[in-house]
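Residue-level listing of the chains:
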Amino acid sequence: GNSVTQMEGPVTLSEEAFLTINCTYTATGYPSLFWYVQYPGEGLQLLLKATKADDKGSNKGFEATYRKETTSFHLEKGSVQVSDSAVYFCAPKTSKLTFGTGTRLQVTL
Amino acid sequence: DAGVIQSPRHEVTEMGQEVTLRCKPISGHNSLFWYRQTMMRGLELLIYFNNNVPIDDSGMPEDRFSAKMPNASFSTLKIQPSEPRDSAVYFCASSLTIGVYEQYFGPGTRLTVT
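### Structural notes on the interface of chain B and chain A
Where interface size is quoted, it is often the accessible area lost as the parts come together.
Phase 1 of the analysis: Across the contact, 17 residues belong to chain B and 17 residues belong to chain A.
Phase 2 of the analysis: Buried area between chain B and chain A, summed over both chains or domains, comes out near 1,400 Å², and the portion from carbon and sulfur atoms is 55%.
Phase 3 of the analysis: The closest approach of N and O atoms between B:D56 and A:K96, which form a salt bridge, is 2.8 Å.
Phase 4 of the analysis: Elements with a contribution of two residues or more to the side of chain B that touches chain A: β4 (31-38) and β5 (42-50) of chain B.
Phase 5 of the analysis: In terms of residues, the side of chain B that touches chain A owes the most to one element, β5(B), which gives 3 residues.
Phase 6 of the analysis: Split by residue class, the side of chain B that touches chain A holds 9 nonpolar, 5 polar and 3 charged.

Shown next, in the form of structure tokens:
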């Protein structure tokens, strides 16, 4: 089956700092890759996705590139805001999504 | 669009009682997923349906758990009898179909078993 390794959180950053959340995966077959975000008290929402190697997914200033050779899908944002504070989940998908443990991001003023 | 609807939002029950969680997927979505989220285990897929048919229930923890989808607009997850270790947030999600499609999550049901 698939598996995901995400960096341990919490990640604490000051507003306008650069963000990287690492994600590596193992999968049978050729997965699509997703980042979901969970704001406090809510369900998960799709943040971005990439369906094939070298694709870059982007949304709301976040980006991630599908790196098949390193089986990675690292999430980046150039300048975080307080409103980005949430838990971020990396998830490869073949027949079904497999979620990582999530990385909590806390952005302070 | 109302999104995925789950009820109740919070449930507190005593050990040994039956618990039923309900989900209404987004209209027109053919796939439905039940997840459980805990601090210890993260987000786990319990079971998913496609066109009302269970496709994979390998994540259902044990026989105390059962799920049904009698029609395209309704699904239930039942725990009988409930135990304290079942305490978690249970999410329902739906997608257009199985494949490279976004899953839309409901707000979750927070279950506490005392």
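### Re the pattern of salt bridges
Residue and element names in this part refer to chain B.
Phase 1 of the analysis: Counted under the stated rule, the structure contains 12 salt bridges over all chains.
Phase 2 of the analysis: Linking R36 and E44 is a salt bridge whose minimum nitrogen-to-oxygen distance equals 3.2 Å.
Phase 3 of the analysis: R36 sits in the buried class, given a relative accessible area of 8%.
Phase 4 of the analysis: Residue R85 pairs with E62 through a salt bridge whose shortest N-O separation is 3.3 Å. On the criterion of sequence distance, the pair formed by R85 in the loop between β8 (74-79) and β9 (88-95) and E62 in the loop between β6 (53-56) and β7 (65-71) is long-range, its members being 23 residues apart.
Phase 5 of the analysis: For R85, a relative accessible area of 55% puts it in the exposed group.
Phase 6 of the analysis: Classification of E62 as partly exposed rests on a relative accessible area of 27%.
Phase 7 of the analysis: Linked by salt bridges that have partners in common, E62, R64, E83, R85 and D86 make up one network.

### A closer look at the sheet that holds strand β9 (residues 75-77) of chain A
Residue and element names in this part refer to chain A.
Phase 1 of the analysis: What the 4 strands build is an open sheet, ordered β3-β9-β8-β7; its pairing is antiparallel. Two strands close off the open sheet at either side, each with one partner strand: β3 (19-21) and β7 (56-59). The sheet shows a mean angle of 15° between the axes of neighbouring strands, direction not considered.

### Looking at the state of the cysteines
In protein chemistry, a disulfide is the covalent bond that joins the sulfur atoms of two cysteines.
Residues and elements named next belong to chain A.
Phase 1 of the analysis: Tallied over the entire structure, the rule returns 2 disulfides over all chains.
Phase 2 of the analysis: What pairs with C23 in a disulfide is C90, and their sulfur atoms sit 1.9 Å apart. Since a negative S-S torsion denotes a left-handed disulfide, the C23-C90 link at about -65° is left-handed. Here C23 is found in strand β4 (residues 23-26), whereas its partner C90 is found in strand β10 (residues 86-93), with 67 residues between them in sequence.
Phase 3 of the analysis: Relative accessible area serves as the criterion here: at 0%, C23 is assigned to the buried category.
Phase 4 of the analysis: Accessibility expressed as a relative area gives 1% for C90, which makes it buried.

### Quick look at the nonpolar core
Phase 1 of the analysis: Core analysis: the largest hydrophobic core is formed by 25 residues, its most contacted members being A:L19, A:W35, A:L47, A:L48, A:F73, A:L75 and A:Y88.
Phase 2 of the analysis: Of all elements in the fold, only β2 (11-14), β3, β4, β5 (32-38), β6 (44-50), β8 (62-65), β10 and β11 (103-108) of chain A reach the threshold of two or more residues within this core.
Phase 3 of the analysis: Excluding its chain neighbours within four sequence positions, the residues that come into contact with A:L47 are A:W35, A:Y36, A:V37, A:N59, A:K60, A:F62, A:L75 and A:Y88.
Phase 4 of the analysis: Core analysis: the second largest hydrophobic core is formed by 21 residues, B:V19, B:L46, B:M60 and B:V113 among them.

So, how was this worked out
- Residues numbered from 1 in each chain as written.
- Chains lettered and ligands numbered in written order.
- Predicted model: local features only at pLDDT ≥ 70, side-chain atom pairs only at ≥ 80, totals over all residues.
- Heavy atoms only, no water.
- Contact = heavy atoms within 4.5 Å.
- Buried area = accessible area lost by both parts, 1.4 Å probe.
- Salt bridge = Lys/Arg side-chain N within 4 Å of Asp/Glu carboxyl O.
- Helix = DSSP H or I, 4+ residues; strand = E, 2+ residues; numbered from the N terminus.
- Nonpolar A, V, L, I, M, F, W, Y, C, P; charged D, E, K, R; others polar.
- Buried < 20%, exposed > 50% of the residue type's maximum accessible area, 1.4 Å probe, protein only.
- Pairing = 2+ DSSP bridges.
- Axes fitted to C-alpha atoms, helices over the stretch in contact; angles between N-to-C directions.
- Disulfide = S-S within 2.5 Å.
- Core = buried A, V, L, I, M, F, W, Y, C linked by side-chain atoms within 4.5 Å.

Coordinates in, geometry out; function isn't part of it.
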